[in-house]
Amino acid sequence: MKAVYITIFIIISITFISCEKDNNNQKVVIYAASSISDLLIDAYEIFKQKNDIEVSFNFGGSISLANQISKFDSPADGVIFIGGKPIRILEDSDQIDEEYRYDFLTNTLAFVGHKNSNRIDDLTELLLQSKQRIIIADPALAPLGVYSEEILSSNNMYNQLEKNLILASDAKSVLRSLENHNADYGIIYYSDFLLSKNLVHYEQIEEVSMYSVDYYMHIMKNTDKKNQANVFLKFLAESGDARFIEQITSRGLSRIKK
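Engineer: Help me understand the overall build of the chain in this model?
Structural biologist: Counting secondary structure elements, the chain contains 11 helices and 10 strands. The buried share among the 258 residues of the chain stands at 51%. Taking the contacts inside the chain whose residues are at least 6 apart along the sequence as the reference set, 77% of them involve residues at least 24 apart. Of the accessible surface of the chain, which amounts to about 12900 Å², a share of 50% is contributed by carbon and sulfur atoms.

Engineer: Help me understand the side chain of S37 in this model?
Structural biologist: Note on placement: S37 falls in helix α2 (residues 37–47). Filtering out sequence-adjacent residues up to four positions away, S37 remains in contact with F59 and K172.

Engineer: So what exactly am I meant to see when it comes to helix α11 (residues 242–250) here?
Structural biologist: Because an α-helix packs 3.6 residues into every turn, residues spaced three or four apart end up facing the same way. Looking at α11, one finds that the buried residues are F244, Q247 and I248. Seen along its axis, α11 keeps its buried residues to an arc of 100 degrees; they face one direction. Buried residues along α11 sit in contact with α2, β4 (96–114), α10 (226–238) and β10 (254–255). The distance from a side-chain oxygen at the start of α11 to the backbone nitrogen of R243 is 2.8 Å, and the residue carrying that oxygen is D241. Downstream of α11 by a residue or two, G252 has a phi angle that is positive, lying close to 75 degrees.

Engineer: Looking at this structure, how should I read the nonpolar core?
Structural biologist: Nonpolar side chains in soluble globular proteins tend to be buried together. I80, F104, F111 and L236 are the most contacted members of the largest nonpolar core, which has 67 residues in total. In this structure I80 touches I30, Y31, A32, A33, I36, L40, F104, Y216, M217, L233 and L236, once residues within four positions along its chain are discounted.

Engineer: How do you make sense of the packing of aromatic side chains when you look at a structure like this?
Structural biologist: Here the distance between the centres and the angle between the planes together describe a pair of aromatic rings. Taken as a whole, this structure holds 13 aromatic pairs when the rule is applied. Here the aromatic rings of Y185 and Y202 are separated by 6.4 Å at their centres, their planes lie at 50 degrees, and the arrangement is tilted. Highlighted residues: Y185 in strand β7 (residues 185–189) and Y202 in the loop between β8 (199–201) and α9 (206–209), separated in sequence by 17 residues. Just as Y185 is buried, Y202 falls in that class too. An aromatic cluster is built from Y44, F47, F57, F59, F232, F235 and F244, whose rings are joined through pairwise contacts.

Engineer: I'm lost on the side chain of D38 in this one. Help?
Structural biologist: With respect to the secondary-structure elements, D38 resides in helix α2. Ignoring sequence-local partners within four residues, the contact set of D38 consists of K172, L195 and R251.

Rules and cut-offs
- All residue numbers refer to position in the chain's written sequence, counted from 1.
- Residue-level local features of this predicted model are given only where pLDDT is at least 70; pairs of side-chain atoms are given and counted only at 80 or more, and the full residue set underlies all totals for whole chains, interfaces and linings.
- With hydrogens and water stripped out, all remaining heavy atoms of the structure feed into the side-chain values.
- By definition, any uninterrupted DSSP run of H or I lasting at least four residues is a helix, any uninterrupted run of E lasting at least two residues is a strand, and each is numbered from the N terminus.
- Remark: exposure states derive from per-residue accessible area (1.4 Å probe, protein chains only) relative to the maximum for the residue type, with buried under 20%, exposed over 50%, and partly exposed in between.
- Only heavy atoms matter for contacts: two residues are in contact if any of them lie within 4.5 Å across the pair.
- Computed with a 1.4 Å probe, the accessible areas rest on the Shrake-Rupley method; for each residue, only the protein chains presented here act as cover.
- The arc in question is the one spanned by the directions pointing from the helix axis to the C-beta atoms.
- Counted as a polar contact is a pair of N or O atoms within 3.5 Å, where, for protein atoms, one must be capable of donating a hydrogen and the other of accepting one, and residues adjacent in sequence contribute only when both atoms are in side chains.
- Nonpolar cores are built from buried Ala, Val, Leu, Ile, Met, Phe, Trp, Tyr and Cys residues. Side-chain atoms within 4.5 Å join them into one set.
- When the centres of two rings from Phe, Tyr and Trp lie within 6.5 Å, Trp using its six-membered ring, the rings pair. Their planes under 30 degrees apart give stacked, over 60 give edge-to-face, and anything left gives tilted.

Encoded structure:
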């Protein structure tokens, strides 16, 4: 009988240890802006060298991702979004844990053209090029689209250019279309321009190049992986790892100053 008790104890102990290990290694799911997808993937490679936490990403337009979480309870443990609108969507649906939130990075916008497109020096010149294709992110899906619409509307151009506009789902889709010359001009993030091979940056168009935007990180209120998610987001916000700092600066990004 004693042997039986010992055997049962061992089985229970192994089960408990196994469950505890599984809980420690649960995958953390982060919904994140597509514009920094390459940075986050590289950052995770550095992070996992010293942390036994598995992270997977769902990249897209921040507004679209926020709506997925808010309306359809998509299983995000944390988010890394750009601008205030997607965060307000999550706040309005009471999805965010107010205890866990971080300022992250600052990016800027860039007005660009394919290298084979005609040079322009002012946005109003787009009105004279009736056959040119102009691509921006969809304002309903991505903050980049909201900013692009604001810039063009402030110049009384958005409605006039509407027949020439192509709307893309997120920042990376805008970049790919321009790279492949499926569009002639567009508004992208400066960090994406630095990844491009076929684009020209029209820095002289200051109403675009001077536009600054911020990324914010939050943890979801109802996740059971709050601690694991917080370890990763805190690494992104505070790590002084030289490799990670180089990745940030090489993309034309900077951490938000506290």
